Amino acid sequence: MLSYKACSDSHGQDSSYFLGWQEYEKNSYHQIHNPNGIVQMGLAENQLSFDLLESWLESNPDSMGFKRNGESIFRELALFQDYHGFPAFKNALAEFMAEIRRNKVKFDPNKLVLTAGSTSANETLMFCLAERGDAFLLPTPYYPGFDRDLKWRTEVEIVPIHCSSSNGFRITMSALEKAYQQAKKLDLKVKGILIVNPSNPLGTSMTRNELNLIVSFAMAKQVHIVSDEIFSGTVFDSPNFISIAEALVDRQLENTDMWSRIHIVYSLSKDLGLSGFRVGMIYSNNETVVSAATKMSSFGLVSSQTQYLLSNMLADKKFTGKYLKENQKRIKKRKQMLVSGLENAGIGCLKSNAGLFCWVDMRHLLSKQTFEAEKELWKKILSEVGLNISPGSSCHCSEPGWFRICFANMSAETLGVAMERIKDFAESVTSNRSRRIYICHQMISDQRSLINKWVSKLSSYDHESDR
Ligand SMILES: Cc1ncc(COP(=O)(O)O)c(C=O)c1O
């Protein structure tokens, strides 16, 4: 009775990424009301700088009160707005994006399409660039939501570009070529590469070398590049963030074919922590893409009061400059707290310089180096330790034992509780393992002495029969 899409399970809701959230909802940690509950460390939310946003709101009451120069504009905002978005908001957003990129690239507000978050931006781009039988190549590990956002309704396929821990999960030409050949084997037409820069879940920004490789590959294969730069404002350490737009400008590729095959996705969900406001965008140099995406944006517009409020906030340059700096400082401090807490528990992380999470190496805690063992460890950490973290398999990582742990969606106190729990757990695993090793040694040595006894008894029989 229902449509194929309504019944299909390709939404990805049964992945451990979403299952962990469900368990957290049933038994959420609260310092006083539920101190033994699950701590949510699987959500890349930024709650570190809300006080800065709140103090801006307090000093700008007109923006919240739907007023302009003291006069109500409620009626203006209440009426239907056309899907091109408010010019003032698009201008402010374009300038904010340039500011994050240290003004090395400029953005033309006419090439910007507003969407209800990056979720909608990524899906809209898939609708514009590909269809059933087509594929996008994605470096692994990748954001688990992409199985839903890129594939579910569009029927576009994802072919992984397998990256490995041996080089810090960096993209190589051979990995790109392998993925391309794999897509051909599956009879899929490669339409593009989608990168997330800085990466979710790695927390690293792409090097110039990687970006150049990707651009060269896309030029050779004549495919698109979608660059999801949703975490661009979270870069808190060197190397600096390099946008795909900057990489192209540096190679003087403006106004070439490749220039019109570059599409940038951005949203205010991470840098400003406004994931509930649903503000995202597509930036493209391709006129047809901009026009089609603008029409499609009817299915997920940004409300007029949100546009009005944020156009005022982002136009306040003094505020945005201070905010970005302070927010990055806070993210860095919090990340260091996570890294040292994990170090204390004998657990290491991939060196990161961005994002709201770390990519954590727990291979030594696996009973075997398999994905089954990774799932077993994840379940234990969720149900016995009370932490919801995301296993690497949910990010399509090709090596078992890696986990994404988020640190910016909770208070420092809660992170402290989580670190104590993980330390106790890691110690119990290693001490159990040492105990098991000790028992094994003991058994071997007992058996050895038993064998020696038998050998000496047998040899004494031999001597007796000789006599
Ligand atoms: C890489 C990436 N893209 C897109 C999204 C979706 O963001 P939004 O809340 O703007 O839809 C996320 C959210 O975590 C993400 O990590």
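Our subject in this report is the structure included herewith. (Residues numbered from 1 in each chain as written. Predicted model: local features only at pLDDT ≥ 70, side-chain atom pairs only at ≥ 80, totals over all residues. Heavy atoms only, no water.)

## A word on the overall build of the protein chain
Inference 1: Of the regular secondary structure elements, the protein chain holds 16 helices and 15 strands.
Inference 2: With the C-alpha coordinates of the protein chain rotated into their principal frame, the extents come out at 115 × 55 × 55 Å.
Inference 3: Within the protein chain, the proportion of its 467 residues that are buried is 51%.
Inference 4: Taking all contacts inside the protein chain whose residues are at least 6 apart in sequence as the whole, residues at least 24 apart take part in 75%.
Inference 5: Carbon and sulfur atoms provide 52% of the accessible area of the protein chain, an area that totals close to 22,700 Å².
Inference 6: If you average the places of the 54 positive and of the 51 negative side-chain charges in the protein chain, the two averages end up 2 Å apart. (Helix = DSSP H or I, 4+ residues; strand = E, 2+ residues; numbered from the N terminus. Buried < 20%, exposed > 50% of the residue type's maximum accessible area, 1.4 Å probe, protein only. Contact = heavy atoms within 4.5 Å. Areas by Shrake-Rupley, 256 points an atom, 1.4 Å probe, with all protein chains shown as cover. Lys, Arg positive; Asp, Glu negative; His and termini not counted. Charge placed at Lys NZ, Arg CZ, Asp CG, Glu CD.)

## A short note on empty space enclosed by the protein
Inference 1: Evaluation of the coordinates by the stated rule reveals one cavity of 30 Å³ or more.
Inference 2: The volume enclosed by the largest cavity comes to roughly 170 Å³.
Inference 3: As for the largest cavity, its lining consists of 21 residues, of which Pro139, Val196, Ser199, Leu202 and Met206 are closest to the centre.
Inference 4: Those elements that provide at least two residues to the lining of the largest cavity are β5 (134-139) and β7 (189-196).
Inference 5: Per-element accounting of the lining of the largest cavity gives the leading share, three residues, to β7.
Inference 6: Within the lining of the largest cavity, the residues separate by chemical class into 13 nonpolar, six polar and two charged. (1 Å grid on protein atoms, 1.4 Å probe; cavity = no way out; pocket = protein on both sides within 12 Å on 5 of 7 lines; lining within 4 Å. Points joined across faces, edges and corners; volume = space filled by probe spheres on them. Nonpolar A, V, L, I, M, F, W, Y, C, P; charged D, E, K, R; others polar.)

## With respect to a nonpolar patch on the surface
Inference 1: The grouping of Phe80, Tyr83 and Leu301 at the surface amounts to a nonpolar patch, some 330 Å² of accessible area in total.
Inference 2: Relative to the elements of secondary structure, Tyr83 occurs in the loop between α5 (74-78) and α6 (87-100).
Inference 3: A residue is classified by how much of its surface remains accessible, and Tyr83, at 32% relative accessible area, is partly exposed. (Patch = residues over 30% accessible without salt bridge, like charges linked within 9 Å, V, L, I, M, F, W, Y side chains within 5 Å. Salt bridge = Lys/Arg side-chain N within 4 Å of Asp/Glu carboxyl O.)

## A word on the nonpolar core
Inference 1: The biggest cluster of nonpolar side chains holds 74 residues, and the ones touching the most others in it are Leu137, Ile193, Ile195, Ile225, Ile244 and Leu268.
Inference 2: The dominant element in this core, judged by the number of residues it contributes, is α6, at eight residues.
Inference 3: Apart from the residues within four sequence positions on either side, Ile193 is in contact with Phe136, Leu137, Ile161, Leu176, Ile214, Phe217, Ala218, Val223, His224, Ile225 and Val226.
Inference 4: By size, the runner-up hydrophobic cluster in this structure holds 43 residues, among which are Phe231, Phe357, Trp378 and Met410. (Core = buried A, V, L, I, M, F, W, Y, C linked by side-chain atoms within 4.5 Å.)

## Structural notes on the site of the ligand
Inference 1: Looking at the ligand, there are 13 residues lining it, with Ser118, Thr119, Asn200, Asp228 and Arg278 nearest.
Inference 2: With respect to the ligand, the side chain of Ser267 contributes an N or O atom lying 2.8 Å from an oxygen atom.
Inference 3: Within the side chain of Lys270, an N or O atom sits 2.7 Å from an oxygen atom of the ligand.
Inference 4: Relative to its unbound accessible surface of 400 Å², the ligand loses 95% to contact with the protein.
Inference 5: Judged by the proximity of its atoms to the pocket grid, the ligand belongs to the largest pocket.
Inference 6: With three residues, helix α7 (residues 117-129) is the largest single contributor of residues to the shell around the ligand.
Inference 7: Grouping the constituent residues of the shell around the ligand by class yields four nonpolar, six polar and three charged. (Near = heavy atom within 4 Å. Polar contact = N/O pair within 3.5 Å; in protein donor to acceptor, adjacent residues only side chain to side chain. Sits in = over half its atoms within 2 Å of the grid points.)

## Remarks on helix α3 (residues 50-59)
Inference 1: Taken together, the buried positions of α3 are Leu52, Leu53 and Trp56. One face of α3 carries all of its buried residues, which in axial projection span an arc of 100 degrees. (Arc of directions from axis to C-beta.)

## Comments concerning the pairing of strand β4 (residues 112-115)
Inference 1: Alternating residues of β4 divide into Leu112 and Leu114 and Val113 and Thr115, and every residue in both groups is buried.
Inference 2: Sheet analysis places β4 next to strand β10 (residues 280-284), joined by four bridges and oriented antiparallel. Considered in β10, the bridge of Leu114 is made with Met281. (Pairing = 2+ DSSP bridges.)

## Structural notes on the side chain of Asn286
Inference 1: Within the fold, Asn286 resides in the loop between β10 and α12 (287-296).
Inference 2: Residue classification places Asn286 among the buried positions, given a relative accessible area of 17%.
Inference 3: Setting aside anything within four residues of it in sequence, one finds Asn286 in contact with Ser260 and His263.

## Description of the side chain of Thr124
Inference 1: Looking at the element boundaries, Thr124 is found in helix α7.
Inference 2: With relative accessibility at 7%, the residue Thr124 sits in the buried group.
Inference 3: Apart from residues no more than four positions distant in its own chain, Thr124 is found in contact with Ile282, Ala293 and Met296.

## Quick word on the packing of aromatic side chains
Inference 1: One pass over the full model with this rule turns up 10 aromatic pairs.
Inference 2: Arranged with centres 5.2 Å apart and planes meeting at 90 degrees, the rings of Phe169 and Trp402 form a pair that is edge-to-face. With a gap of 233 residues between them, Phe169 in the loop between β6 (157-161) and α9 (173-185) and Trp402 in strand β15 (residues 402-406) connect regions that are remote in the sequence.
Inference 3: With centroids separated by 5.9 Å and ring planes inclined at 85 degrees, the aromatic side chains of Tyr180 and Phe217 adopt a geometry described as edge-to-face. Of the two residues, Tyr180 sits in helix α9 while Phe217 sits in helix α10 (residues 208-221), which places them 37 residues apart along the sequence. Across this residue pair, the class does not change: Tyr180 and Phe217 are buried.
Inference 4: Through pairs of rings, three or more aromatic residues link up here, namely Trp56, Phe319 and Tyr323.
Inference 5: Cation over ring: Arg101 sits above Tyr266, and NZ or CZ is 5.9 Å from the ring centre.
Inference 6: The residue whose ring lies beneath Lys221 is Tyr180, and the NZ or CZ to ring-centre distance is 4.4 Å. (Phe/Tyr/Trp six-rings, centres within 6.5 Å; stacked < 30°, edge-to-face > 60°. Lys NZ or Arg CZ within 6 Å of the ring centre and 35° of its normal.)

That is the geometry; function is a separate question.
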